[in-house]
Amino acid sequence: MADLKAFAEQLVNLTVKEVNELAQILKDEYGIEPAAAAVAVAAAPAVGGAAAEEKTSFDVVLKAAGANKLAIVKLVKELTGLGLKEAKDLVDGAPNNIKEGLAKADAEALKKQLEEAGAEVELK
């Protein structure tokens, strides 16, 4: 048990560079593509070992509509309350913010919904 706690502490204290290197090793040697790498980077401590302030407000940014653009336009229209033309313009102009100032859980849920429809999305 003590070994696992020490291992967990090592993981938590990885730098951004080390997290990226670990992700590459997992991909190259084991065929695992860690989807949570971005979460680990966001949770990594700030330079100098001081804990970073936890972010409380997130923006959902549409990077690209993907192959199913019509479904993304309809979803953006539904999520934002925009008209069809405005939603299409927002999607066509990607990268664009879809929603701003959301709580983490709400932002992650919205991101998941857009990604399931085929969009490329990031949280900022």
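A few points on the structure. This is a predicted model, so every value here is computed, not measured.

## Here we look at the pattern of salt bridges
In a structure, side chains of opposite charge can pair up when their charged atoms sit close to one another.
Alright, step 1. Under the defined criterion, the tally for this structure stands at five salt bridges.
Alright, step 2. With its nearest N and O atoms 2.4 Å apart, the salt bridge here joins K69 to D92. Here K69 is found in helix α4 (residues 69-80), whereas its partner D92 is found in helix α5 (residues 84-92), with 23 residues between them in sequence.
Alright, step 3. With its nearest N and O atoms 3.8 Å apart, the salt bridge here joins K124 to E122.
Alright, step 4. Its relative accessible area of 47% is what places K124 among the partly exposed residues.
Alright, step 5. Counted as one network, the salt bridges with shared partners bring together K69, K88 and D92.

## Here's the deal with α5
Alright, step 1. When α5 is considered as a whole, its buried residues turn out to be A87, L90 and V91. Angularly, the buried residues of α5 cover 95 degrees about the axis, an arc narrow enough to put them on a single face.
Alright, step 2. Buried residues along α5 sit against β1 (58-64), α4 and β2 (96-102).

## So, the packing of α4 against helix α6 (residues 104-116)
Alright, step 1. Here α4 crosses α6 at 155 degrees, and the two axes come no closer than 10 Å. Of the possible angle classes, the one that applies to α4 and α6 is roughly antiparallel. Between α4 and α6 the crossing geometry is right-handed. Contacts from I72, L75, V76, E78 and L79 in α4 reach L110, Q113 and L114 in α6.
Alright, step 2. Along the lines of polarity and charge, the residues of the contact of α4 with α6 split into six nonpolar, one polar and one charged.

Criteria and cut-off values
- Residues numbered from 1 in each chain as written.
- Predicted model: local features only at pLDDT ≥ 70, side-chain atom pairs only at ≥ 80, totals over all residues.
- Heavy atoms only, no water.
- Salt bridge = Lys/Arg side-chain N within 4 Å of Asp/Glu carboxyl O.
- Helix = DSSP H or I, 4+ residues; strand = E, 2+ residues; numbered from the N terminus.
- Buried < 20%, exposed > 50% of the residue type's maximum accessible area, 1.4 Å probe, protein only.
- Arc of directions from axis to C-beta.
- Contact = heavy atoms within 4.5 Å.
- Axes fitted to C-alpha atoms, helices over the stretch in contact; angles between N-to-C directions.
- Parallel < 35°, antiparallel > 145°, perpendicular 65-115°, else oblique.
- Left-handed = near helix turned anticlockwise from the far one by under 90°.
- Nonpolar A, V, L, I, M, F, W, Y, C, P; charged D, E, K, R; others polar.

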